[in-house]
Amino acid sequence: MLKSDLRFIVIDDFSTMRKIVKKNLLEMGFVNVQEAEDGQIAWDYLQKAKVEGKPFHFIVSDWNMPNMQGIELLKLCRGDDAYAKTPFVMVTAEGEQKQIIEALKSGCTDYIVKPYAPNVIKEKMTKIFNKFDLQNAA
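Cut-offs and rules
Residues numbered from 1 in each chain as written. Predicted model: local features only at pLDDT ≥ 70, side-chain atom pairs only at ≥ 80, totals over all residues. Heavy atoms only, no water. Helix = DSSP H or I, 4+ residues; strand = E, 2+ residues; numbered from the N terminus. Rg over C-alpha atoms; globule rule 2.2 N^0.38 Å. Buried < 20%, exposed > 50% of the residue type's maximum accessible area, 1.4 Å probe, protein only. Areas by Shrake-Rupley, 256 points an atom, 1.4 Å probe, with all protein chains shown as cover. Lys, Arg positive; Asp, Glu negative; His and termini not counted. Charge placed at Lys NZ, Arg CZ, Asp CG, Glu CD. Salt bridge = Lys/Arg side-chain N within 4 Å of Asp/Glu carboxyl O. Contact = heavy atoms within 4.5 Å. Core = buried A, V, L, I, M, F, W, Y, C linked by side-chain atoms within 4.5 Å. Polar contact = N/O pair within 3.5 Å; in protein donor to acceptor, adjacent residues only side chain to side chain. Pairing = 2+ DSSP bridges. Axes fitted to C-alpha atoms, helices over the stretch in contact; angles between N-to-C directions. Expected span 1.5 Å × (residues − 1).

1. What to know about the overall build of the protein
Phase 1 of the analysis: For the protein, the count of helices and strands is five helices and five strands.
Phase 2 of the analysis: Taking 138 residues into account, the globule formula puts the C-alpha radius of gyration at 14 Å, and the protein, at 14 Å, falls close to it.
Phase 3 of the analysis: Viewed in the frame of its principal axes, the protein has a C-alpha envelope of about 35 × 35 × 25 Å.
Phase 4 of the analysis: A buried classification covers 46% of the 138 residues belonging to the protein.
Phase 5 of the analysis: Of the roughly 7100 Å² that the protein leaves accessible, carbon and sulfur atoms contribute 52%.
Phase 6 of the analysis: Of the side-chain charges in the protein, 19 are positive and 19 negative, and the distance between the mean point of each set is 4 Å.

Structure (structure tokens):
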């Protein structure tokens with residue numbers, strides 16, 4: 001799969017954080033990045049994309065957001081056939097072990113604690129692409 005074919009959604013209520021993640025993805029060559037400011041808006045985008053036959057290939061979400069938390073969004077995604085196996089990375093300031101464990105038990109692919117060094121997201125994404133057989137995109 002080509003980098004330009006992969007569809008990302010980046011969810012965070014803090015616009016600067018969305019822009020940072022999007023910039024990281026653009027620097028890696030990924031150009032199809034949708035932004036959402038909370039989990040409910042993201043869920044609506046995810047469902048619309050599914051209905052249109054163009055589901056997202058990768059989800060990057062914050063944990064703490066209004067309307068719907070990232071953990072709730074993760075659980076909804078894991079219960080939806082279209083997104084049950086979609087890579088889902090939680091990028092959050094929530095670094096407590098109990099929250100990391102809850103996210104991983106709920107099906108989170110990886111967990112990045114803010115603030116993070118710019119190379120961290122690239123390293124984690126590359127590992128995920130390889131794991132999910134998207135290595136042509138990495």
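2. Structural notes on the side chain of Arg7
Phase 1 of the analysis: Residue placement: Arg7 occurs in strand 1 (residues 7-11).
Phase 2 of the analysis: Although Arg7 lies buried, it forms no salt bridge, and the closest oppositely charged side chain, Glu52, sits 5.7 Å away as judged by the N-O distance.
Phase 3 of the analysis: With residues near it in sequence (within four places) discarded, Arg7 still touches Asn32, Ala49, Lys54, Pro55, Phe56, His57 and Phe58.

3. Digging into the nonpolar core
Phase 1 of the analysis: Membership of the largest hydrophobic core comes to 22 residues, with the highest contact counts inside it found for Leu46 and Leu73.
Phase 2 of the analysis: Met17, Val60, Ile121 and Phe129 belong to the second largest nonpolar core, which has 19 residues in total.

4. Structural notes on the side chain of Lys114
Phase 1 of the analysis: Positionally, Lys114 belongs in the loop between strand 5 (110-113) and helix 5 (118-131).
Phase 2 of the analysis: Within the structure, Lys114 has its side chain in polar contact with the side chain of Asp12 (distance 2.9 Å).
Phase 3 of the analysis: Non-local contacts of Lys114, meaning those with residues more than four positions away in its chain, are made with Asp12, Met17, Asp62, Val91, Thr92 and Ala93.

5. Comments concerning the sheet that holds strand 3 (residues 58-61)
Phase 1 of the analysis: One open sheet holds the five strands; their spatial order is 2-1-3-4-5, and the pairing between them is parallel. Single-partner strands in this sheet number two, and they are strand 2 (32-36) and strand 5. For this sheet, the mean angle separating the axes of adjacent strands, direction not counted, is 20 degrees.
Phase 2 of the analysis: Of the pairings in the sheet, the one linking strand 1 to strand 2 comprises five bridges and is parallel in character. Within the sheet, the bridge partner assigned to Val10 lies in strand 2 and is Glu35.
Phase 3 of the analysis: Along the sheet face, helix 3 (residues 70-78) touches strand 1, strand 3 and strand 4 (88-92) and points at about 175 degrees away from the line of strand 4.
Phase 4 of the analysis: In the packing of helix 5 onto the sheet, contacts are made with strand 1, strand 3, strand 4 and strand 5, and the angle to strand 5 comes to roughly 180 degrees.

6. Some words on helix 1 (residues 15-27)
Phase 1 of the analysis: With 13 residues, helix 1 extends 18 Å between its outermost C-alpha atoms, agreeing within 8% with the 18 Å of an ideal straight helix rising 1.5 Å per residue.
Phase 2 of the analysis: The inward-facing, buried residues of helix 1 abut strand 1, strand 2, strand 3, strand 4 and helix 5.
Phase 3 of the analysis: With its phi angle positive at about 100 degrees, Gly29 sits one or two positions after the end of helix 1.

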